[in-house]
Each structure stands twice: as structure tokens, then as C-alpha cells.
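One letter stands for each residue in the lines below.
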Amino acid sequence: MGVIGTLVMSFGIVGLISHSRQTHPIAWGIWFTGGALLHDLVLAPVVFFVGKRIKNLLTGRTRLAVQMAMILTGVIALVSIPALSRAGLSPTNPSILPRNYLNGFLILVGLTWGTCLIAAALVRDK
Amino acid sequence: MVRRFNQTRRKSLTPSDHLRVGPFEEGSFKSALHSARTASILGIALGICFGIAFVTGVLSHLIQNPTSWFHWPSRPAGLFRITQGLHVSTGMMSIPLLLAKLWTVYPKLWKWPIFDDLTHLVERMSLFPLVAGSIFLLFTGLLNINYWYPWPFLFVPAHYWVAWITIGALIVHIGAKAATVRKALSSDTVLIDEVKDGLTRRRFLTLVGAASGVVMLSFAGSTVRFLRKVSVLAPRDPAVGPQGFPVNRSSAQARVAQFALDPNYRLEVEGKMKQVISLSLSNLKAMPQYGAELPIACVEGWSAMVRWRGVRLSDILKLVDAAPGASVRVESMERRGDYRTSILNSTHAMHPDTLLALEANGETLHLEHGFPVRLITPTNPGVMQTKWVGRLVVL
């Protein structure tokens, strides 16, 4: 597995470098490394910090509800950023991003909190 | 095997303990959810999603970059909307899975000592392409379906080559972790430190699964029509656009209006054949007209069913006595653009539903959809359904 995987990985690296006019390896390297660093040194510490606060401040069912709702809200917020930023809008092509994404986002988050509160109220712990 | 980061240290490689601060400190991460079992289950789910996304992604690459050994079938007509819908859906589902997986194993990033021996160092370093590659693929993919390109490289080649790097790293990772996973999932393994109430492992995993489902459903309406009202985050609505379906490249972006609206428009047919011809729009309208209901399915994961009407490409090939088995290059009137031409193999060129469409959904084709003439063919991705066709070259 190690050998096969390394060969497959090498194929990708060679392809990336040999198509440097399209892939801009240096800029690519910054984005490639930057994503991992952003996760490990910014996003994850924030999540752990918030998680710890919730654990310290709340107990029982309230804690469970907030933990679940916060996890879902975080994920939904993350995947909504591109649409909410409206960066992809095109003045000549109104069929791109045709919805009101802030409404959609708020509806999803509202439903999430409602569902998590109900779910936490219904669970049975020993 | 619940907490590897609590293992005893090797004296020879241990740097002085006063460097062990911040997240390196023992007991920095207390949750018992950081277990091998949680990581294994999430890893398997993620592996399945990445596998499907990789296969469907390579497929899309092969369709757009034909090679001699690969033949893309011309039916069923909706094949590409299914494979590409799977590609985008599994990618979207991977976002919560990857975040949960990285959260679960995050304490290992701050393991002390940083490495035990050379093998362990190599193993740790091999995780970099896997983690960075996974984040890169999901991040660039998410931005691409939202038409946001804040980077200087081209999305398609960068996404494609990183997919090979990531899958390679994943194969290495599976090889290195297979035994750990087997042990973690075995019913003989006694789980110490299990959470008994609140956010238990089962509830956590159910929640992550639900998050995957929510993310997938909130985007899938771009291609699954009955979900279009549910998918509040979908960057496309299959019913929104001129003549009731979306547009990817506008006539303004292609700078094609002056050629497309020219009353002296002619379709030139040339290449390997006995007779070179050029057809006016009224010549094309005078030919037998055929209807076909075919999806327009884009690589960004949206698709819409459209009723097309126009001239069969095969009729034009017969008109010019093209050799049987010839392939055809279809060229747009736009001067620049990575996708201004597309090549059809003979199966697609001769398919009775492959049309030079003059109408969409019962109206004269809209300029934004490729007026006066656009190509529409079963099973090919939207980028190969050339708009504003000006020339056919028989190869």
C-alpha cells in the first residue's frame, strides 16, 4: 500500500509541476499549505475554545443541545460563506447565485437549533 | 488504544520538558470522543466519499480529455448528471466528515514528544499531503460550485492533480492504519473512558452524519429538481435562467453577440470530406427538424432537463459525405475561451439525439443559450455542449 500510494502521489506531484503554467506551483503551494495551517492553528483552536466554554458553562440537556446545535451551525456557516459573500455573482449572468442566501442560512440555523433543543429534551440518559 | 498521546516517552529523544507547554501539555484534550473508534468510523465514511468523488472526477477528466483507451457511452442520456451529481454530493458530504475526523485526531498533532523514532516521523510527515490535500480539494471544490476563484492558478488542473496527491496519501494512510482500525472496531476491544451521557460517541457520530446529510441536501437541488425548494444554499436553481434553465457562460463573457446576431450568419462545414459547404440559418431551418429531451449537466454539479429542437448532426455529416466513423470538432464563434471547441467521437456525432439545436423549451434559442445554433448531445458535460456554433470540422 505504501509503495502504490507513493507512486500515485508522485504522479500527482509530477503532473502539478509539469503543468506549471496552469497550476502556478508557488501560489498553489501557499494555498495548499495555508489551508492546513488555517485549520490547525486557527479554526481548530477556536472550536476547542468554544467547546471548552460550553462544557464549563452548561450542564445536562442544555449542554447537549448547545453542543449539537453549535457543531451544526459551524458547519452550515462554513459551507455558506461562498454564497453569502456573493463573490461569484456575475453582472451578465443572473442565473448564478439566484437566491437570497442569508434567508436560507438563517432558516437552516433556526431549524437546527429547534431540532437540537427538541432532540436533547427527548433523549434518555442513564 | 484510546489515547496514544499518553504513551510513555522514549528518553533518548525527549527534549527537555520545559518546552512542553500549551497544547503539548498532558491532559490538554480531555474528551473521550478523541478515540480510535470514532476516528476509524469517520475515516471509513470519509474514505468511501473520497473514493466515489475520485472515480467520478477522473471520469469527468477522461470525458473532457479523450484518450484512445477510454470510450464514454452515449446513453443513458443522464449519465453525466448522475456521475457529476455524485462527485459534488460526496464532496459536500465530506466537509462535515473531514472536520469531525480532524477534530477527533487533533490531539495527536500536539503529541509529546513530537516523534518517537524515524518511522514515526515519516508516518507523521506523510499525513501532511493527506490533510492539506483533503482540505484543498473540498475548499476549492466548494468555491468552484459557487463560481468564486480568489487564487491565481486554474481550478481544474489544480483540483485534478491534487486529487492524485490526496488519493495517493490516502492509500498510504489506509495501509498504515488498517490494523489500528481493525482493532478499534473489534468487539473485543474494551472501551475505557467511554462517555456515558450527554454527547456520547454514538450521538456525536449521528450528529456528524446528520450534518453531512443537511449539507448535501442544502446543495443537491442544483441538480435534483424536486429538491430545488429545499436546497436553500444551492448556487443554482435548475428552473432559473433564460427559457427556464441556467447559463454558465454569458454572451457578454464570451464577447460573441456581434457574430451570433449577424443576419449574414453561416455555419461552415469543412475538414476531411468531398465537399465544403456553408449553411445559412434558413438553410438549417429548411432541413428536417427533430426534438430531443436532454439534460444540460455542468461540471459544477447543476443540471436541468430541456426540450431541444433542431437539425441532427448526423444529417449534416451525410450531407457532406463524411467518412463513416469520423469524429467532429465543433467550434464556437467566440474568439477566446478554454472551452470554445469540443470534439465528438463518432458514436456521439452519429447519435440521433445529437442536435444542432435551434430551439429550447419551445422557443427560438436564447442568445445566452447559444443562439443561433448550439450543440446538444447525450451524456456529455455542459462545457462540451458548444454554444454559438460557427464551424464544424470533420476529422
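Residues numbered from 1 in each chain as written. Chains lettered and ligands numbered in written order. Predicted model: local features only at pLDDT ≥ 70, side-chain atom pairs only at ≥ 80, totals over all residues.

## Considering the overall build of chain B
Looking only at helices and strands, one finds 10 helices and 10 strands in chain B. Relative to a compact globule of 395 residues, whose C-alpha radius of gyration would be 21 Å, chain B shows 27 Å and is clearly more extended. By its C-alpha atoms, chain B is 85 × 40 × 35 Å across when sized along the principal axes. Here chain B holds 395 residues, and the buried ones make up 46% of them. If you take every contact in chain B between residues at least 6 apart in sequence, the share linking residues at least 24 apart comes to 72%. (Helix = DSSP H or I, 4+ residues; strand = E, 2+ residues; numbered from the N terminus. Rg over C-alpha atoms; globule rule 2.2 N^0.38 Å. Buried ≥ 20, exposed ≤ 12 C-beta atoms within 10 Å, placed from the backbone. Contact = placed C-beta atoms within 7 Å.)

## Quick look at the nonpolar core
In terms of nonpolar packing, the biggest core is built from 81 residues, with M68, L72 and V75 of chain A together with L97 and V215 of chain B touching the most fellow members. Per element, the largest residue contribution to this core is 13 residues, and it comes from helix α4 (residues 155-185) of chain B. Not counting chain neighbours up to four residues away, the residues in contact with L97 of chain B comprise L42, A45, L46, C49, V208 and S212 of chain B. Core analysis: the next-biggest nonpolar cluster, separate from the first, contains 43 residues, L294, I296, A349 and A360 of chain B among them. (Core = buried A, V, L, I, M, F, W, Y, C linked by C-beta atoms within 7 Å.)

## Here we look at the pairing of strand β5 (residues 328-332) of chain B
Residue and element names in this part refer to chain B. Because side chains alternate across β5, one face comprises the buried residues V328, V330 and S332, and the other comprises R329 and E331, none of which is buried. In the sheet, β5 pairs with strand β6 (residues 341-344) via 4 bridges, with the strands oriented antiparallel. Counted as the bridge partner of V330 is S342 from β6. Pairing between β5 and strand β10 (residues 389-394): 5 bridges, direction antiparallel. Across the sheet, the residue bridging to V328 is V394, located in β10. (Pairing = 2+ DSSP bridges.)

## A few points about the interface of chain A and chain B
Between chain A and chain B, the residue contacts involve 55 residues of the former and 57 residues of the latter. Of all the secondary-structure elements, those providing two or more residues to the side of chain A that touches chain B are α1 (2-18), α2 (20-23), α3 (25-57), α4 (60-85) and α5 (101-122) of chain A. Here the element with the most residues in the side of chain A that touches chain B is α4 of chain A; it accounts for 12 residues. Residue composition of the side of chain A that touches chain B, grouped by class: 30 nonpolar, 20 polar and 5 charged. (Nonpolar A, V, L, I, M, F, W, Y, C, P; charged D, E, K, R; others polar.)

## Some points on α4 of chain A
Residue and element names in this part refer to chain A. The end-to-end C-alpha distance of α4 is 37 Å, a good match for the 38 Å that 26 residues give at a rise of 1.5 Å each. Remark: the principal bend of α4, roughly 40 degrees, maps to V79, with a proline, P82, within the next four residues. Count one or two residues on from α4 and you reach R86, which has phi positive near 55 degrees. (Expected span 1.5 Å × (residues − 1). Bend = angle between axes of the 7 residues up to and from the residue.)

## Describing the packing of helix α1 (residues 36-64) of chain B against helix α5 (residues 201-220) of chain B
All names here are of chain B. Running from N to C, α1 and α5 point in directions that differ by 25 degrees, and their axes come no closer than 11 Å. Classed by the angle they form, the pair α1 and α5 counts as roughly parallel. Note on packing geometry: the crossing formed by α1 with α5 is right-handed. Contact with α1, carried on its side by R37, T38, I41 and L42, involves R201, F204, L205 and V208 of α5 and no other residues of that element. (Axes fitted to C-alpha atoms, helices over the stretch in contact; angles between N-to-C directions. Parallel < 35°, antiparallel > 145°, perpendicular 65-115°, else oblique. Left-handed = near helix turned anticlockwise from the far one by under 90°.)

## Some points on the environment of V328 of chain B
Residue and element names in this part refer to chain B. Relative to the assigned elements, V328 resides in strand β5. V328 sits in the buried class, given 25 other C-beta atoms within 10 Å. For the pair formed by V328 and L313, sequence separation is 15 residues and the distance between their alpha carbons is 9.5 Å. In this structure V328 touches L313, L344, A349, L392, V393, V394 and L395, once residues within four positions along its chain are discounted.

## Notes on the environment of I54 of chain A
All names here are of chain A. Of note, I54 is situated in helix α3. You can call I54 partly exposed: it has 16 C-beta atoms within 10 Å. Considering only alpha carbons, one finds I54 and L64, 10 residues apart in sequence, at a separation of 9.3 Å. When residues no more than four places from it in sequence are discounted, the contact partners of I54 are R63, V66, Q67 and M70.

## Things to note about the pairing of strand β3 (residues 290-297) of chain B
Pairing geometry for β3 of chain B and strand β4 (residues 303-312) of chain B, over 8 bridges, is antiparallel. In the sheet register, P295 of chain B faces β4 of chain B, and the bridge partner there is M305 of chain B.

## Comments concerning unusual backbone geometry
The phi torsion of most residues other than glycine is negative, and most of the peptide bonds are trans. Cis rather than trans, the peptide bond between R75 of chain B and P76 of chain B has omega equal to -5 degrees. Note the cis peptide between F371 of chain B and P372 of chain B, where omega equals 5 degrees. Positive phi, normally seen in glycine, also occurs at L97 of chain A, with a value near 50 degrees. With respect to the helices and strands, L97 of chain A occurs in the loop between α4 and α5. Here the phi dihedral of D321 of chain B falls at roughly 55 degrees; this positive angle occurs in a residue that is not glycine. Along the polypeptide, D321 of chain B turns up in the loop between α9 (313-319) and β5.

## So, the packing of helix α2 (residues 79-109) of chain B against helix α3 (residues 118-145) of chain B
All names here are of chain B. Where α2 contacts α3, the axes come no closer than 10 Å and their chain directions differ by 135 degrees. In this view, α2 runs oblique relative to α3, as classed from their interaxial angle. Our pair here, α2 against α3, has a crossing hand that is left-handed. Residues V88, G91, S94, I95, L98 and L102 of α2 form the contact with α3, whose own contacting residues are V131, S134, L138, G141 and I145.

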